[in-house]
Structure formats: structure tokens, C-alpha cells
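Descriptive analysis of the structure
These are the residues of each chain, in order.
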Amino acid sequence: MKNEGRIAALGFALLALIAVLPVVSVRLPPILDYPNHLARMHILAALPASADLARYYQAVWTPIPNLAWDAIVPALATIMPVEGAMRLMLALTLLALAGGAVALHRAAFRHWSVWPLFAFLLLYNRMLLWGFLNYLTGIALMLWALAASIVLERRTVGLRIAAGAVLATAIYFAHLAAFGAYALVVIAMALSAPADKIKHTVVALVTLLPGAILFLLAPTSGAESHIDYGNPFRKFDLPVSIFDNYSRIFDGATFGVLLIAGAVGLWWKRKIWVHPRLGWGLLALSAAYVALPSRLLSASGIDHRLPVAIAFLFVAASYWSDGVAPKWRGGIAAGLAILLLVRMGVIEAVWLKADRQYEALRPALDHIAAGATVAVAAPPGGVQAGGVPLFHFPTLAVLDRDAFVDTIFADPRQQSLLFTPLGAGLANQPRPETLWPALAKGTLPPLPGFTDLIVIDPPPGLDAAGLPGTVEFTAPRLLLIHLTAPGAPAGPEPAQ
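A brief report on the enclosed structure follows. (Residues numbered from 1 in each chain as written. Predicted model: local features only at pLDDT ≥ 70, side-chain atom pairs only at ≥ 80, totals over all residues. Heavy atoms only, no water.)

Among the secondary structure elements, Ser-321 is positioned in the loop between strand S5 (318–320) and helix H15 (326–361). Given a relative accessible area of 13%, Ser-321 falls into the buried group. Not counting residues up to four positions away in its chain, the partners in contact with Ser-321 are Arg-270, Lys-271, Ile-272, Trp-273 and Arg-329. (Helix = DSSP H or I, 4+ residues; strand = E, 2+ residues; numbered from the N terminus. Buried < 20%, exposed > 50% of the residue type's maximum accessible area, 1.4 Å probe, protein only. Contact = heavy atoms within 4.5 Å.)

Let's shift gears to the nonpolar core. Soluble, globular proteins show a tendency: their nonpolar side chains are buried together. Counting residues in each nonpolar core, the largest one holds 159 residues, and the members touching the most others are Tyr-57 and Leu-453. When neighbours within four sequence positions are excluded, Tyr-57 is seen to be in contact with Ile-43, Leu-47, Val-398, Ala-403, Phe-404, Val-405, Ile-408, Leu-417, Leu-418, Phe-419 and Thr-420. (Core = buried A, V, L, I, M, F, W, Y, C linked by side-chain atoms within 4.5 Å.)

Moving on, we come to unusual backbone geometry. Cis geometry is adopted by the peptide bond preceding Pro-48, which originates at Leu-47 and carries an omega value of -5°. Tracing the backbone through its elements, the reader meets Pro-48 in the loop between helix H2 (34–46) and helix H3 (51–56).

The next thing to look at is the pairing of strand S11 (residues 478–482). Where burial is concerned, most of S11 is hidden: 4 out of the 5 residues are buried. Across 5 bridges, strand S9 (residues 452–456) lies against S11 in antiparallel orientation. By the bridge assignment, Ile-456 is partnered in S11 with Leu-478. Pairing of strand S10 (residues 470–475) with S11, which is carried by 5 bridges, proceeds in the antiparallel orientation. For Val-471, the partnering residue across the bridge sits in S11 and is Ile-481. (Pairing = 2+ DSSP bridges.)

Taken as a whole and assessed by the stated rule, the structure comprises 18 aromatic pairs. When the ring of Tyr-172 is compared with that of Phe-179, the centres are 5.7 Å apart and the planes differ by 85°; the resulting orientation is edge-to-face. Comparing Tyr-172 with Phe-179, the two get one shared label, buried. Seen in terms of ring centroids, Tyr-319 and Trp-320 are 6.4 Å apart; in terms of plane orientation they differ by 45°. Their pairing is tilted. (Phe/Tyr/Trp six-rings, centres within 6.5 Å; stacked < 30°, edge-to-face > 60°.)

Let us look at empty space enclosed by the protein. For the structure shown, the criterion picks out 2 cavities of 30 Å³ or more. There is about 220 Å³ of room inside the largest cavity. Those elements that provide at least two residues to the lining of the largest cavity are helix H7 (133–151), helix H8 (157–174), helix H9 (176–191) and helix H10 (197–217). Looking at side-chain class alone, the lining of the largest cavity contains 11 nonpolar, 4 polar and 3 charged residues. Of the voids in this model, the second largest cavity is the one considered here, and its volume is about 40 Å³. When grouped by side-chain class, the residues that make up the lining of the second largest cavity number 7 nonpolar, 1 polar and 1 charged. (1 Å grid on protein atoms, 1.4 Å probe; cavity = no way out; pocket = protein on both sides within 12 Å on 5 of 7 lines; lining within 4 Å. Points joined across faces, edges and corners; volume = space filled by probe spheres on them. Nonpolar A, V, L, I, M, F, W, Y, C, P; charged D, E, K, R; others polar.)

Written out as C-alpha cells, the structure reads:
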């Protein structure tokens, strides 16, 4: 076991370096929501010192369950540039996910193993590419909290409640979906305890109580709920999101091979076994995945998020049986290591290519005046992860020019950043998916209060003479128009 522990420690260090390589290789990761999150972190760090930002944005702190990055990154930005703070937080989140799987496996099986290092295969998933960063941070905290709950089971009830309540509340503040997943698993573990089931269950419920109370006090709980189950057949497709990056064939094959290998090993050959109590947690999460709708309260993709949590928990909760010979263990580990290297090579290549494209478009923002107001036009269906997403690229004008951009995330049910009355009035203008087809048809409505318009993936055949202003920057995937046409009033003066 000591040798395996040393191998596991060395393996974790090497895999950690490989896992963070894409993050440190680029300036702007090609994650759909990342520029929007980056812009929000800049605002939270710069307010109220920036008069330009203070005209449009304000920070209002309420106990909403979506604050992990909002609380940490602006604090880091006091000692480093905010872009560096964001990439550091992203790297720490990835390492915390893998480390949480290792820690939970160690707590459950009481020895170190290379098995949970398979969690590194799961880090670059569809939830990451969409930009659900607070959720992934919450899942990392969930894994660590479950490990702590197992370690503390033999300690006093008071210590268990105090530590459990702190950890559960931290998960709540990270993300509501992660808190819900943690609650399901920790209650399932309590109910499956070999003894003192009532005691364990009461302790679990008490630790969850602060988070439940905070939720009732948060604006999120009062959100109008639109329940939508979507296409039920997506339940069979969504688990592929665990490995869904840039090649549907390669990623689908990876999922299929590992699913078949896992099923054969687990159910037929009995070469894999699952920790009994964590197994009940897996069943609880799986049942929730089947039962949950796609949309609930103010959030979408509720069920989309669970496969990643289930996958990390499965890695932490499983282990190869004693019947697997050491040579087979080494061969399996080597095969998965090769698969990881290939996947990371693909990801690194895509991220470097995307970063070059972003850097080529970044000079467009230099043509925007400080404190300007920017509207965005984007094609319907433009909100897509994968490849080189551009939908939120215009929000970098907030970072570079302290500008107002109407697509910034500022929902009081989900963010601590809100609009001022002036900003709210601008945000109520037509949305990007409305402006794009109107621009294509030559029927763009007036944009009162806006100084500039950024067009993502411009419609083909645009007539420059018919545009509502002066083209300041043009590229195949981005167009910047300074709005000087009649009906487009002047915006704020550039900051001196």
C-alpha cells in the first residue's frame, strides 16, 4: 500500500501539471461564459473607484447560492491582475475536483490508491466549456465535504455538526445545484449507515439547515419558476457531456469504451466494486437525474449538470477488486493515462488556436471609448459551447474600457452584480438575438443610449452604406460599428 501511495502522489503531481497546462497556456480560455464572468469580476474589484463603471453597475450582496468566484476572484485581484486571478481560480477549481475525488476515496477505503486519479479524465467536460464555474467549484467542495463527513463520523456530535454546517454552507454559497447534490448524497449515506441511522440522519439534516434557511432568505427562492422537462430522450444523451469537448466521434467513443468497460467490470466480471454507503449516494443522484426537469426556478440545464457530479462521485466511490492482478491494474492505468494525454493534446491545440483568434479580435475594443455603451447583435443559436465561442466576447469591453455591455450577467437571483437605473434602462433594449436578424434585413431599430454596436458572425452581404454608423473594425467573425446614424444619441464622454 505504501508503494501505491507514493505512486499515487507522484501521479497526482504529474497529472496536475498536465491538467492546468491549457489554462496557463492562454490568455482567454475558450469557455462560453468565461469573458462574462471575467468582466463581472473586474467590475466587483474596480467598484466604486471607477466612475465609468459606477454609472451602470452596482454590487448588492445577498445570500444567493452562486457566489464562489464572486467572493474569491475580486479578492485575488487586489494582489494580481484580474485576468491572472481568473486563470488561477480556474486552475484551482480543476485541481480541487481531482483532489476531492482522491480525498473522498482515501476517506472511504482508508488507503491511498492510483484509482481516483481517473478523475483527471473528467475535468474538461461540457459543464466547463459552457462556463458553469461556480457549479464545478461547488462539486469540488462537495467531494471534500463528503470526505470530511466520513473522517469525522467517529468524533463528537458537536464537532460533526459544526464542521458539517460550515462545509455545507460553503457549498450552498458556491452553487445551489451542488448544494442539492450534496444534500442527497449525505442523507443517503446517513440512512445507509450500519448503525445509529437516526443519529446520522439528524446530524446530516442539522448541517444542511443553515443553507436551507439562507435559500429561503435569498432572492433565488422567490424567482418565478418555469418548469420544463424538455425532450425526455436527452436523458440518454446527456451523460456523454462528461467527455464532450471538441470531437463528437472521439469523445463519444471515449464515453462508450469507458461505459462498457465499467459495466463489464462492475456487473459481469465483478472486477470493480463500489463503497456501499457512497453507492447509495450514487443511486440518489442518479434518481434525481432521471426525475429533475431541464429548467427550474431561474436556472436552465438543471439535469444537464448532474452527470458530471455522478461521474466524479463514482470515481471516488469505486475501486478495483482484489481479484484484479497488479499487472492488469498497471495496464489499465497506463491505458487511461495514454487516453488522458491524447485528450489533453486535443484540448491544448484547440485552446491555443482559440487564443490566437481572440488576440486577433481584441484590438477591436481599442476603438471603443472609455465608459462607452455597447450593444451586441448575435445570430440566433449563437449561445453554443465548443470551438471558439464569441457570444460573450464583447463583454471584454468592460474589462478593457470600463464600458457598459448589455449582455453582462446581472440577474439579482443569480449574481451579486446589478445594474443601476441607468444600466437597467439600457439593458431593456432589444436583445442580441433580435438585433442580428434585424440588421440582416436592414430594419435595425434605434438604439437610444448606445454608442457602439458589436456584431458577432455578421450576416453575409451587409451593405456598409446601410449600416447605422461607422465601421471601426471588421473581421470575418466580428464587426464593430460606432453608432453615428440619426436616432442613435451620443453616449457618455470618454473618461479623462
